[in-house]
Amino acid sequence: MDGRKIILLVGALFIAAITAFLARSLIVGSATPVASAVQPPPQVDGPEVLVATRALPVGTILDATALKFQPWPRELVDNAYFLKKNTNLKSLQGTVVRNAITAGQPVTQGALVKPGDSGFLAAALGPGMRAVTVPVQAQAAVAGFVFPGDRIDLMLTQTVPGGGDGPPLKVTETILRNLRVLATDQRTDNTVDDQGKTVVRTFSSVTVEATPKLAEKIAVAQTLGSLSLALRSIADNSAELEEAIASGAVSVPDGNDPKAEKAMLLKIASSPSSGKSTFATGADVSRFQRSTVPGKPPSEMEGRLGPRGADGSYPGANVAKGPVVRVARGNNVTEVTVGGKN
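Everything in this summary refers to the structure shown in the same document.

Glancing now at a nonpolar patch on the surface. Taken together, F14, I15, I18, F21 and L22 make up a surface patch of nonpolar side chains, about 540 Å² in accessible area. When you line up the elements, I18 lands in helix α1 (residues 3-29). Classification of I18 as partly exposed rests on a relative accessible area of 36%.

Below, the structure written as structure tokens:
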């Protein structure tokens, strides 16, 4: 091989080495891309207006967690909005939503009805519902810890005399469930002190929301015995949901639709019901109390079933009468038991 070819080969190798070195330097030394910083949301140049923190359906009784103040674009502020500089948030607690308000939407003055305004209680009622006032004793009103907007169960305590062979039966049963409280002692707002805390006070009457049929049951229950309240938990809806699905009162939505499921849960949470009555007798509390209704006294039993037999029982109590056919022969009418003898 001549010298010229050797020089060309060495030069080519030299150039290839330099190219590889430069390429490696570019790859290794290139700076790692830096993620761009998240831009903060633009500042809203406008006054703070009152908005809903959650969806507020018609008839919602407002509490301290339902509303808040939020900056709003100045050009979009309406005269009907509640401005922070002119609004006392505490004074709006206990008001009722007249028109539905979505979460984050400004609250207008026409969308709320204040206690004392005409049509206030009617606005608090749901469609087809009735307002019923129930008298309760102070010790039966959960020590004043029931406020407008809470959910309660209604319990009836009564004494059943039955007969004369012992003390009467004492029993308490839960007759209605999931009733919404509209007012206590004709007050629909929650009184707060100087520190913003709700004042607990006793009351002698409570106004609840019920269907027309349940309102009739409440009216009858007041004549049977004394009524007392049981405060329900906010999250106490799972049992009612299972019962409503089993009875067909609500239908489970098809597919995986969060909005439909939320609507179903909201319907259960806002629906009062009589449900399956549960009860407790005096015997469940004390062994010296009855568990059944007392029987009839002997004199009354003899008048109905005839005299006692030799074994002390009433033979007439075991005679079962079947269907009766009336047979007329001229002016004489006799009753013949089907299967018996004339």
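Moving on: the pattern of salt bridges. Taken as a whole and judged by the stated rule, the model has five salt bridges. Among the ionic pairs, E48 bridges to K84, the shortest N-O distance being 3.7 Å. Remark: K84 occurs in the loop between β2 (67-71) and β3 (96-97) and E48 occurs in strand β1 (residues 48-52); sequence separation between them is 36 residues. Owing to a relative accessible area of 30%, E48 belongs among the partly exposed residues under this scheme. Between E209 and R180 there is a salt bridge whose closest N-O contact spans 3.2 Å. Here R180 lies in strand β7 (residues 169-184) and E209 lies in strand β8 (residues 205-210), a separation of 29 residues in the sequence.

With that settled, the discussion passes to the nonpolar core. One finds V134, L154, L179, V206, V208 and I218 to be the most contacted residues of the largest nonpolar core, which totals 21 residues. Looking at this core, the elements with two or more residues in it are β5 (130-135), β6 (151-160), β7, β8, α3 (212-224) and β9 (226-231). The contact partners of L154, leaving out residues within four places of it in the chain, are V134, E173, T174, I175, L176, L179, I218, L227, S228 and L229. Of all hydrophobic cores here, the second largest spans 14 residues; its members include L50, L62, F82 and V97.

Attention now goes to the side chain of E209. Overall, the relative accessible area of 4% leaves E209 in the buried class. A polar atom in the side chain of E209 sits 2.7 Å from the backbone nitrogen of G126. E209 has contacts with A124, L125, G126, M129, R130, L179, R180, L182 and P272, leaving out every residue within four places of it along the chain.

On to the pairing of β6, then. Of the strand pairs in this sheet, β6 and β7 are connected by nine bridges, and their pairing is antiparallel. From the neighbouring strand, T159 faces β7, where its bridge partner is K170. Sheet topology places β6 next to β9; six bridges connect them, and they run antiparallel. Considered in β9, the bridge of L156 is made with L227.

About the criteria used
Residues numbered from 1 in each chain as written. Predicted model: local features only at pLDDT ≥ 70, side-chain atom pairs only at ≥ 80, totals over all residues. Heavy atoms only, no water. Patch = residues over 30% accessible without salt bridge, like charges linked within 9 Å, V, L, I, M, F, W, Y side chains within 5 Å. Areas by Shrake-Rupley, 256 points an atom, 1.4 Å probe, with all protein chains shown as cover. Salt bridge = Lys/Arg side-chain N within 4 Å of Asp/Glu carboxyl O. Helix = DSSP H or I, 4+ residues; strand = E, 2+ residues; numbered from the N terminus. Buried < 20%, exposed > 50% of the residue type's maximum accessible area, 1.4 Å probe, protein only. Core = buried A, V, L, I, M, F, W, Y, C linked by side-chain atoms within 4.5 Å. Contact = heavy atoms within 4.5 Å. Polar contact = N/O pair within 3.5 Å; in protein donor to acceptor, adjacent residues only side chain to side chain. Pairing = 2+ DSSP bridges.

These figures come from the coordinates and say nothing about function on their own.
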